[in-house]
Amino acid sequence: MQQPVRIAPSILAADFARLGEEVRAVTAAGADAIHIDVMDGHFVPNLTIGPDIVRALRSHSDLPFEAHLMVAPVDEFAAAFAAAGADLIIVHPEAGPHLHRTIQRIKAGGKKAGVALNPATPVEAAVAVIDDVDLILVMSVNPGFGGQSFIESQFDKIARLRALIDASGRAIDLEVDGGINFDTAPRAIAAGADLLVAGTATFTGGAEAYADNIRRLRGHGDNGGDGPDRR
């Protein structure tokens, strides 16, 4: 069953010179989680942040921290980001030899686990771990950089995953990351997404605009829920 629509601002689009302030601002503006894009310059062609930044930001928000690990090999980094304060660790099937083992290790450490599917990664990659994950993330752009346009074919993937999750009977979040804006958000929600990663669309206009940005992104398909519990 599709859950209330929630927004997870991606700090990749924030002002890196003022990350603590930015995280506090989107928390106050009504965000539901903080999405942290971790890139290693190897698995994807960009280099972003390490666990020390997560540790430094942890005191600036009581929201859940999502660490989206676009790194390979992933297992060691999953443990490091969990120790730094991430609440949910998201990994790609291609980033390690044993996806199920990676997810089991994350869960054994007391954290939630998610699996991310790149645009060319088939829905079937999530089937083998459907009983273990807390979240499935659809990458609606090729990972590596913010500000890209939504790949239209991913709307069908969202719908297929929605059906898969509903059939499982489990409360698995269906998240979409990439090209989310005021035009694509309602379409992603209509296809079955209930958690949207929004970087540029959230962090445009300065802190005074964040609450309205989040409201507009969520309001296209909010079904009346109050969002997740705070951490």
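Residues numbered from 1 in each chain as written. Predicted model: local features only at pLDDT ≥ 70, side-chain atom pairs only at ≥ 80, totals over all residues. Heavy atoms only, no water.

Asker: Describe the nonpolar core, listing the residues and the values that go with them.
Answerer: By size, the foremost hydrophobic cluster in this structure holds 64 residues, and its most contacted members are Ile-11, Leu-69, Ile-89, Ile-136, Ile-158, Ile-180 and Leu-196. Aside from chain neighbours lying at most four places away, what touches Ile-89 is Ala-67, Leu-69, Ala-78, Phe-81, Ala-82, Ile-106, Lys-111, Lys-112, Ala-113 and Gly-114. Judged by nonpolar contacts, the second largest core, of 10 residues, contains Ala-33, Ala-116, Leu-137 and Met-139. (Core = buried A, V, L, I, M, F, W, Y, C linked by side-chain atoms within 4.5 Å. Buried < 20%, exposed > 50% of the residue type's maximum accessible area, 1.4 Å probe, protein only. Contact = heavy atoms within 4.5 Å.)

Asker: Quick rundown of the pairing of strand S6 (residues 135-139)? Include the residues and the values.
Answerer: Most of S6 is tucked away: five of the five residues are buried. As defined by bridge partners, strand S5 (residues 112-117) adjoins S6 across four bridges and the pair is classed as parallel. If you follow Gly-114 over to S6, its bridge partner there is Leu-135. Taken together, the five bridges between S6 and strand S7 (residues 173-177) define a ladder with parallel strand orientation. What sits directly across from Val-138, in S7, is Val-176. (Helix = DSSP H or I, 4+ residues; strand = E, 2+ residues; numbered from the N terminus. Pairing = 2+ DSSP bridges.)

Asker: Give me the side chain of Asp-87: which residues, what numbers.
Answerer: Mapping Asp-87 onto the fold places it in the loop between helix H3 (75-84) and strand S4 (88-91). Overall, Asp-87 belongs to the buried group, its relative accessible area being 18%. Within the structure, the side chain of Asp-87 is placed 2.8 Å from the backbone nitrogen of Phe-65, a separation counted as a polar contact. (Polar contact = N/O pair within 3.5 Å; in protein donor to acceptor, adjacent residues only side chain to side chain.)

Asker: Pulling in residues and values, what's your account of the confidence of the model for the protein?
Answerer: Summary statistics for the protein give a mean pLDDT of 93 and a share of 95% for residues scoring 70 or more. Low pLDDT (under 50) marks residues 220-231, which in the prediction has 25 contacts with non-local residues, meaning those over four places away or in another chain. (pLDDT = per-residue confidence, 0-100.)

Asker: An account of the sheet that holds strand S1 (residues 6-9) is requested, with residue identities and associated values reported.
Answerer: Within the open sheet, the eight strands sit side by side as S1-S8-S7-S6-S5-S4-S3-S2. Their pairing is parallel. Looking at the sheet topology across the chains shown, the edges are occupied by S1 and strand S2 (34-39). Across the sheet, the mean angle separating the axes of adjacent strands is 25° when strand polarity is ignored. Strand contacts of H3: S2, strand S3 (65-70) and S4, with the helix running at about 160° to S3, the strand carrying the most contacts. (Axes fitted to C-alpha atoms, helices over the stretch in contact; angles between N-to-C directions.)

Asker: Go over the pattern of salt bridges, please, and point to the residues and values.
Answerer: Proximity of charged atoms lets side chains of opposite charge pair with each other. Taken as a whole, this structure holds 15 salt bridges when the rule is applied. Linking Asp-194 and Arg-6 is a salt bridge whose minimum nitrogen-to-oxygen distance equals 3.4 Å. Here the residue Asp-194 occupies a position in the loop between helix H7 (184-191) and strand S8 (195-198), and Arg-6 occupies one in strand S1, the gap between them amounting to 188 residues. The class of Asp-194 is buried, set by a relative accessible area of 0%. Salt-bridge contacts for Asp-134 lead to Lys-107; the nearest nitrogen and oxygen are separated by 2.8 Å. Remark: Lys-107 occurs in helix H4 (residues 99-108) and Asp-134 occurs in the loop between helix H5 (124-127) and S6; sequence separation between them is 27 residues. Under the relative-accessibility criterion, Asp-134 is labelled buried at 16%. You can call Lys-107 partly exposed: its relative accessible area is 30%. (Salt bridge = Lys/Arg side-chain N within 4 Å of Asp/Glu carboxyl O.)

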